[in-house]
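Below are the chains, spelled out letter by letter.
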Amino acid sequence: MSAAYFITGTDTDVGKTTVAAGLLHAARSAGLSTAAGKPVASGCVVTPKGLRNSDALALQAECSLPLTYQQVNPVAFEPAIAPHLAAREAGVALTVQSLLGPMREILAMNADFTLIEGAGGWRVPLADQDNLSDLAIALQLPVILVVGVRLGCISHALLTAEAIARDGLQLAGWVANIIDPKTSRLEENLATLAERIPAPCLGRVPKLKALSAETVAEHLQLDLLD
């Protein structure tokens, strides 16, 4: 078995990394080898070893294959701003081509379960006319969508699913990450998402007091992925 997916979200801060780490942990618990990539990350911290991003570190921690930080996150920026703006300020040419090689190297390791995590939502700009979604297209990866469940999430989720389909990629599954458990008519909203998103729901992640890859994994079902 060797399965790889691109994981995206309906917006920024919807729990992409939380879910990605949970999926990787679930795969490891099932005895599968794991690898992950975060091609570009903004909002990094300066350390003696260089810029480090908390999301990329969380992914690296759930990789069973020996990946260095630079392999997981080849392009890192300190400002917590849109990647194309951070790249422009840093004088870096941020294109699909510049990210393609490092991600292909990760995929070539042939882990049983590999995730490549985007930044923000589906249509995040890189440079010129390139978008981060173009990387998923170039890699021809099926997509896992993380839906941040709160007021307004239905439209965001359906528009994202439509964009993924228009881009010619398979939506392999989606995860409901319940950001606001007090969302009015929560169950009805979740039912609408399940009815309208043309892919299996891999799980509902509740608002957890003890948030970790292990606790998130308990709410996910890898076996629903194609």
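The numbering scheme is per chain: residues are counted from 1 as the chain's sequence reads. Residues qualify for local features only when their pLDDT is at least 70, as the model is predicted, and side-chain atom pairs are given and counted only at 80 or more; totals for whole chains, interfaces and linings, by contrast, use all residues. Only hydrogens and water are set aside; all other atoms, that is, all heavy atoms of the structure, feed into the side-chain values.

*Asks:* Looking at this model, I keep getting lost on the overall build of the protein chain. Mind explaining?
*Replies:* We count a stretch as a helix when DSSP gives it H or I for four or more residues in a row; a strand needs E for two or more, and each element gets its number in order from the N terminus. Within the protein chain, the secondary structure is distributed over nine helices and ten strands. The principal-axis extents of the C-alpha atoms in the protein chain amount to approximately 45 × 40 × 35 Å. Relative to its full complement of 226 residues, the protein chain shows a buried share of 52%. Residue contacts follow a heavy-atom distance rule, with two residues in contact if any of their heavy atoms lie within 4.5 Å. Across the protein chain, the fraction of contacts at a sequence separation of at least 24, relative to all contacts at a separation of at least 6, is 77%. Here the open area of atoms and residues is found with the Shrake-Rupley method and a 1.4 Å probe, where only the protein chains shown may cover a residue. In the form shown here, the protein chain has an accessible surface area of approximately 10300 Å², with 52% of it arising from carbon and sulfur atoms. Asp and Glu count as negative and Lys and Arg as positive, but His and the ends of the chain are not part of the count. A single reference atom marks each charge: NZ on Lys, CZ on Arg, CG on Asp, CD on Glu. Put simply, the protein chain has 16 plus and 22 minus side-chain charges, and the middle of one group is 4 Å from the middle of the other. Type-normalised accessible area, obtained with a 1.4 Å probe on protein chains alone, sets the label of each residue: buried when under 20%, exposed when over 50%, and partly exposed for intermediate values.

*Asks:* Please explain the packing of helix 1 (residues 16-29) against helix 2 (residues 54-61) as it appears in this structure.
*Replies:* Helix-helix packing: each pair is described by the crossing angle between the helix axes and the interaxial distance. Axis lines are fitted through C-alpha atoms, for helices just across the contact stretch, and the angle between N-to-C directions can take any value from 0 to 180 degrees. The geometry of helix 1 relative to helix 2 is characterised by a closest axis approach of 9 Å and an angle of 10 degrees between their N-to-C directions. Here helix 1 lies roughly parallel to helix 2, going by the angle between them. Residues Thr 17, Ala 20, Ala 21, Leu 24 and Arg 28 of helix 1 lie in contact with helix 2, whose contacting residues are Asp 55, Ala 58, Leu 59 and Ala 61. A breakdown of the residues in the contact of helix 1 with helix 2 according to their chemical character gives six nonpolar, one polar and two charged. Small angles under 35 degrees read as roughly parallel and large ones over 145 as roughly antiparallel, with 65 to 115 read as roughly perpendicular and the rest as oblique. Residue classes follow a fixed rule: Ala, Val, Leu, Ile, Met, Phe, Trp, Tyr, Cys and Pro count as nonpolar, while Asp, Glu, Lys and Arg count as charged, and any other residue, Gly among them, counts as polar.

*Asks:* Is there a simple way to explain the state of the cysteines in this structure?
*Replies:* Linking two cysteines covalently via their sulfur atoms produces the bond known as a disulfide. In what follows, a disulfide is any cysteine sulfur pair within 2.5 Å. Counted under the stated rule, the structure contains zero disulfides. You can see Cys 201 has no disulfide; the closest cysteine sulfur is in Cys 153, sitting 12 Å from it.

*Asks:* Hey, could you run me through the pairing of strand 10 (residues 201-205) in this one?
*Replies:* For strand 9 (residues 171-178) and strand 10, the ladder comprises four bridges, and the chain directions are parallel. Counterpart to Trp 174 in the pairing with strand 10 is Cys 201. Looking down the strands as they point away from the viewer, one classifies a crossover as right-handed if the path from the first strand across the helix to the second runs clockwise. Crossover handedness for the path strand 9 to helix 8 (residues 186-196) to strand 10: right-handed. For two strands to pair, DSSP has to find at least two bridges joining them.

*Asks:* Looking at this model, I keep getting lost on the UniProt feature "binding site: Mg(2+)" (unreviewed entry) in the protein chain. Mind explaining?
*Replies:* UniProt positions are given in the numbering used here, feature names are shortened, and annotations may be inferred rather than shown by experiment. In the numbering used here, UniProt assigns the feature "binding site: Mg(2+)" (unreviewed entry) to Thr 17, Asp 55 and Glu 117. The largest pairwise C-alpha distance within this set of annotated residues, which runs over 101 residues, is 9.4 Å, so the set is compact in three dimensions. As for the annotated residues, the ones lining the largest pocket are Thr 17, Asp 55 and Glu 117. For Asp 55, the location among the structural elements is in helix 2. Apart from residues no more than four positions distant in its own chain, Asp 55 is found in contact with Thr 17, Lys 38 and Glu 117. Here Glu 117 shows up in strand 7 (residues 113-117). Take Glu 117: its relative accessible area is 1%, and that puts it in the buried class. Those residues in contact with Glu 117 that sit more than four places away from it in its chain are Ile 7, Lys 16, Thr 17, Ala 20, Gly 37, Lys 38, Pro 39, Asp 55 and Leu 59. The definition of a polar contact used here is a pair of N or O atoms within 3.5 Å, where within protein one atom must be able to donate a hydrogen and the other to accept one, and adjacent residues in sequence count solely through side-chain atom pairs. Looking at Glu 117, its side chain comes within polar contact range of the side chain of Thr 17, at 2.7 Å. Here a cavity denotes grid points, spaced 1 Å and computed from the protein atoms alone, that fit a 1.4 Å probe unable to get out, and a pocket denotes an open set having protein on both sides within 12 Å along at least 5 of 7 lines; residues with an atom within 4 Å of a point are the lining.

*Asks:* Would you take a moment to explain the packing of helix 7 (residues 153-166) against helix 8 for this structure?
*Replies:* Where helix 7 meets helix 8, the axes come as close as 10 Å, and the angle between the chain directions of the two elements is 15 degrees. By the angle between their directions, the pair helix 7 and helix 8 is classed as roughly parallel. Classified by chirality, the crossing of helix 8 by helix 7 is right-handed. On helix 8, the residues that touch Cys 153, Ile 154, Ala 157 and Leu 158 of helix 7 are Asn 189, Thr 192, Leu 193 and Arg 196. Here the contact of helix 7 with helix 8 is built from residues that sort into five nonpolar, two polar and one charged. Here a crossing is taken to be left-handed if its near helix is turned anticlockwise relative to the far helix by less than a right angle, and right-handed if that turn runs clockwise.

*Asks:* Would you mind going over the pattern of salt bridges with me for this structure?
*Replies:* Opposite charge on two side chains permits them to pair, given that their charged atoms come into close proximity. When a carboxyl oxygen of Asp or Glu lies within 4 Å of a side-chain nitrogen of Lys or Arg, that pair is called a salt bridge. According to the stated counting rule, one finds five salt bridges in the structure shown. The partner of Asp 167 in a salt bridge is Arg 123, with the nearest N and O atoms 2.8 Å apart. Taken as a pair, Asp 167 in the loop between helix 7 and strand 9 and Arg 123 in the loop between strand 7 and helix 6 (132-139) lie far apart in primary sequence, 44 residues in all. Between Glu 187 and Arg 204 there is a salt bridge; the shortest N-O distance is 3.0 Å. In this pair, Glu 187 is assigned in helix 8 and Arg 204 in strand 10, connecting sequence segments 17 residues apart. Residue Glu 187 is classed as partly exposed on the basis of its relative accessible area of 46%.

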